[in-house]
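Coordinate analysis (summary)
Read off the chains here:
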Amino acid sequence: MDLTTLAVMTGGLLVYSLVSGRLKGTMVTAPMVFIVAGFIIGPSGFGVASIDLGHTGIHLIAELTLILVLFTDAARIDLGQVRRDHNLPVRMLMVGLPLTIAAGTLVGSQLFPAFSMWEVALLAALLAPTDAALGQSVVSAPAVPVRIRQAINVESGLNDGIALPAVLLLASLASAADGTTEAGEWIRFALLQVTLGPIGGIVLGYVGARLLDTAVERGWVNESFQGIGILSLALFTYVATELIGGNGFIGAFVGGMA
């Protein structure tokens, strides 16, 4: 990334920040603006910005952003409200998500006839778990009932984790069909990811929050470092969960809830 690209990106971010308050509550969200801006300044547009998407730095920034978004979104979930109104997110995750994968498989088999059935199903499972970021202004609007907002927030945070076993299982079946990988290895990996991920998130999120609360109550923590402590807890939960063999993104989301 050269200085011209950096100047265009930071300048665009500054311009958006100047009008962000005016856009709040409208149908135009920050992800929409950034996607359009990226298209305009990128190779498909005027070509004034040049970014190597395969660069490890881009990958690192994307992962760090996702970890913090998952953790903070989960931390805003009212678990008492979810327990009272759990039927909506459960239906969305356990009924709506599998139906979406099935419908995607059906459509994909017609669009990509060269793919095997397992490959089409894998593609559908990868595309099925969507995020509410593009519609964030609508989802977070006070006019939307709290029950609906909570349900969408829970679904958008957990759908990746729920879809992960399906993705890994279908990937193993596709690989086994080609004779490149043993299905047992993928299944074992998937089971560890979806079991150790939530366990790591619950333990680390709860213990970390209790330690922070205790330190704050006793006046051990500088006020400016409270936010840094929360960010550190989010990243630590992700890394520690990955080290024990779980899925760090699931761990970060569950840790935020804990």
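Residues numbered from 1 in each chain as written. Predicted model: local features only at pLDDT ≥ 70, side-chain atom pairs only at ≥ 80, totals over all residues. Heavy atoms only, no water.

**Re the overall build of the protein**
What counts here: In this text, helices come from DSSP runs of H or I with a minimum length of four residues, and strands from runs of E with a minimum of two, each type numbered from the N-terminal end. With a 1.4 Å probe rolled over the protein chains alone, any residue whose accessible area is under 20% of its type maximum counts as buried; one over 50% counts as exposed, and the rest are partly exposed. When charges are tallied, Lys and Arg are placed among the positive residues and Asp and Glu among the negative ones, while His and the ends of the chain are skipped. The atoms used to mark charge sites are NZ of Lys, CZ of Arg, CG of Asp and CD of Glu.
Of the regular secondary structure elements, the protein holds 11 helices and 0 strands. Taken from N to C terminus, the helices and strands of the protein fall in the order α-α-α-α-α-α-α-α-α-α-α. Seen through its C-alpha atoms, the protein measures out along the principal axes to roughly 60 × 50 × 40 Å. For the protein, the residues scored as buried account for 29% of the 258 residues in total. Here the protein holds 11 positive side-chain charges and 17 negative ones, and the gap between their average locations is 16 Å.

**Focus: the packing of helix α3 (residues 56-75) against helix α11 (residues 248-257)**
This is how the line gets drawn: Between the N-to-C directions of two axes lies an angle of 0 to 180 degrees, each axis being a line fitted to C-alpha atoms and, for a helix, fitted only over the stretch in contact. We call two directions roughly parallel when the angle between them is under 35 degrees, roughly antiparallel when it is over 145, roughly perpendicular when it lies between 65 and 115, and oblique otherwise. Should the near helix be turned anticlockwise from the far one by less than a right angle, the crossing is left-handed, and should it be turned clockwise, the crossing is right-handed. We call two residues contacting when some pair of their heavy atoms lies within 4.5 Å. When residues are sorted by character, Ala, Val, Leu, Ile, Met, Phe, Trp, Tyr, Cys and Pro go into the nonpolar class, Asp, Glu, Lys and Arg into the charged class, and all the rest, Gly among them, into the polar class.
In contact at an axis separation of 6 Å, α3 and α11 are set at 30° when each is read in the N-to-C sense. On the basis of their axis angle, the class for α3 and α11 is roughly parallel. The two elements α3 and α11 cross, and the hand of that crossing is right-handed. Contacts from Glu63, Leu66, Ile67, Leu70, Phe71, Ala74 and Ala75 in α3 reach Phe249, Ala252, Phe253, Gly255, Gly256 and Met257 in α11. Of the residues assigned to the contact of α3 with α11, the class counts are 10 nonpolar, 2 polar and 1 charged.

**A closer look at the nonpolar core**
Convention followed: Put simply, a nonpolar core is a bunch of buried Ala, Val, Leu, Ile, Met, Phe, Trp, Tyr and Cys residues held in one set by side-chain atoms that sit within 4.5 Å of each other.
If you look at the biggest cluster of nonpolar residues, it comprises 11 residues: Leu97, Ile101, Ala121, Leu122, Ala124, Ala125, Ala128, Ala163, Val167, Leu170 and Ala171. Residue assignment for this core shows that the elements contributing at least two residues are α5 (87-111), α6 (117-127) and α8 (146-178). Once residues lying within four places of it in the same chain are set aside, the contact partners of Ala163 are Leu97, Ala125 and Pro129. By size, the runner-up hydrophobic cluster in this structure holds 6 residues, among which are Ala74, Ile77, Val154 and Phe253.

**Some details on the confidence of the model for the protein**
Rules: Per residue, pLDDT captures the predictor's confidence, and it can take any value from 0 to 100.
When pLDDT is averaged across the protein, the result is 83; 91% of the residues are at 70 or more. Within the protein, α6 carries the highest mean pLDDT (92), whereas helix α7 (residues 136-139) carries the lowest (67).

**Looking at the packing of α5 against α6**
Two numbers describe how α5 lies on α6: the axes approach to 8 Å, and their chain directions differ by 130°. Judged by the inter-axis angle, α5 sits oblique to α6. Crossing angle aside, the handedness with which α5 passes α6 is right-handed. Contacts from Ile101, Gly104, Thr105, Gly108 and Ser109 of α5 reach α6 at Met117, Val120, Ala121, Ala124 and Ala125. Among the residues making up the contact of α5 with α6, the classes are represented as 6 nonpolar, 4 polar and no charged.

**A short note on the side chain of Asn159**
The topology assignment puts Asn159 in helix α8. Overall, the relative accessible area of 0% leaves Asn159 in the buried class. Each residue touching Asn159, except ones within four places of it in the same chain, is listed here: Leu93, Leu97, Pro129 and Thr130.

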